[in-house]
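Summary of structural features
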Amino acid sequence: MSLRKGVTMRALLTDIPPALAAPLTEALALCDLVPVQTDASVLLLGAGDPAQALARIADFAASRPEAGRAGADRIASGQVVWLLPAGQAAVLQGTLARAALTHAPQLRVNALHLAPRRPPPAPWQAAWTAATQHPGPPPLPQALAQALRLIVQGPALTGQVVNVVARR
């Protein structure tokens, strides 16, 4: 499923952890996002260090034109999707909010948080089974693709963290 009908968007991948490279490449293909080295409208950022992430976002903002106008509304010229490491959403949420405020309305800055796995059930929980089994989370590439679609298609989303739970 494409992000926008008939539109293939270009994405710049920066500081992506090796463990996420293959699932993210598959997710991009599912979303019709094409990885490029220059002239991208979407920055996918995998930096775990807040200072490094802010610097990368500022560099990307410098390469994008100012926000466009549609009547009284301002339309962002680019998007940043920061891939937060598992368990780091609470720590990095302030940095995300600062980046979103600094670069609005030129950029929309959001994050995907790769939620940690649930702990195994306690012995008393393992003995109990639900009447209807839940299908469980999708594989990581499909979960990333669903979250990317949500962020890129939502024109008013900025400064938000989307938790991604996936089967790994």
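Our focus in this paragraph is the sheet that holds strand E8 (residues 161-164). Spatial strand order, E2-E1-E3-E6-E7-E8: 6 strands in an open sheet with parallel pairing. In this open sheet, the two edge strands, each paired with only one partner strand, are strand E2 (33-36) and E8. The sheet shows a mean angle of 25° between the axes of neighbouring strands, direction not considered. Both strand E3 (residues 42-45) and strand E6 (residues 78-84) contribute to a ladder of 4 bridges, which runs parallel. In the strand pairing of E6, Leu43 is matched with Val80. Here helix H5 (residues 140-153) sits on the sheet and contacts strand E1 (9-14), E2, E3, E6, strand E7 (107-114) and E8; the angle it forms with E7, its principal contact strand, is near 155°.

Attention shifts here to the pairing of E1. As paired strands, E1 and E2 are joined by 4 bridges and run parallel to one another. Paired with Met9 across the two strands is Leu33, which belongs to E2. In terms of strand pairing, E1 meets E3 through 4 bridges, oriented parallel. When the bridges of E3 are listed, Leu12 appears paired with Leu43.

Relative to each other, helix H1 (residues 18-31) and H5 sit at 55°, their axes nearing to 8 Å. Viewed along their axes, H1 and H5 adopt a mutual orientation that is oblique. Read as a crossing pair, H1 and H5 show a hand that is right-handed. Within the contact between the two elements, H1 uses Leu20, Pro23, Leu24, Glu26, Ala27, Leu28, Leu30 and Cys31 and H5 uses Leu140, Pro141, Gln142, Leu144, Ala145, Leu148 and Arg149. Within the contact of H1 with H5, the residues separate by chemical class into 12 nonpolar, 1 polar and 2 charged.

What counts and what doesn't
Residue indices begin from 1 for each chain and proceed along its sequence in written order. Confidence filtering applies because this is a predicted model: local features only for residues at pLDDT of at least 70, side-chain atom pairs given and counted only at 80 or more, and all residues used for totals across whole chains, interfaces and linings. Think of the side-chain values as coming from all heavy atoms in the structure, minus any hydrogens and water. Any two strands with at least two DSSP bridges between them are considered paired. Helix and strand assignments follow DSSP, with helices taken as H or I runs no shorter than four residues and strands as E runs no shorter than two, numbered in order from the N terminus. Helix axes are fitted to C-alpha atoms over the stretch in contact, other axes to C-alpha atoms as well, and angles between N-to-C directions run from 0 to 180 degrees. Here, residues are in contact when the closest pair of their heavy atoms is within 4.5 Å. Any angle that falls under 35 degrees is termed roughly parallel, while one over 145 is termed roughly antiparallel, one within 65 to 115 roughly perpendicular, and all others oblique. In this scheme the crossing of two helices becomes right-handed for a clockwise turn of the near helix relative to the far one and left-handed for an anticlockwise turn of less than a right angle. In this count, Pro and Cys sit with the nonpolar residues alongside Ala, Val, Leu, Ile, Met, Phe, Trp and Tyr, while Asp, Glu, Lys and Arg are called charged and the others, Gly among them, polar.

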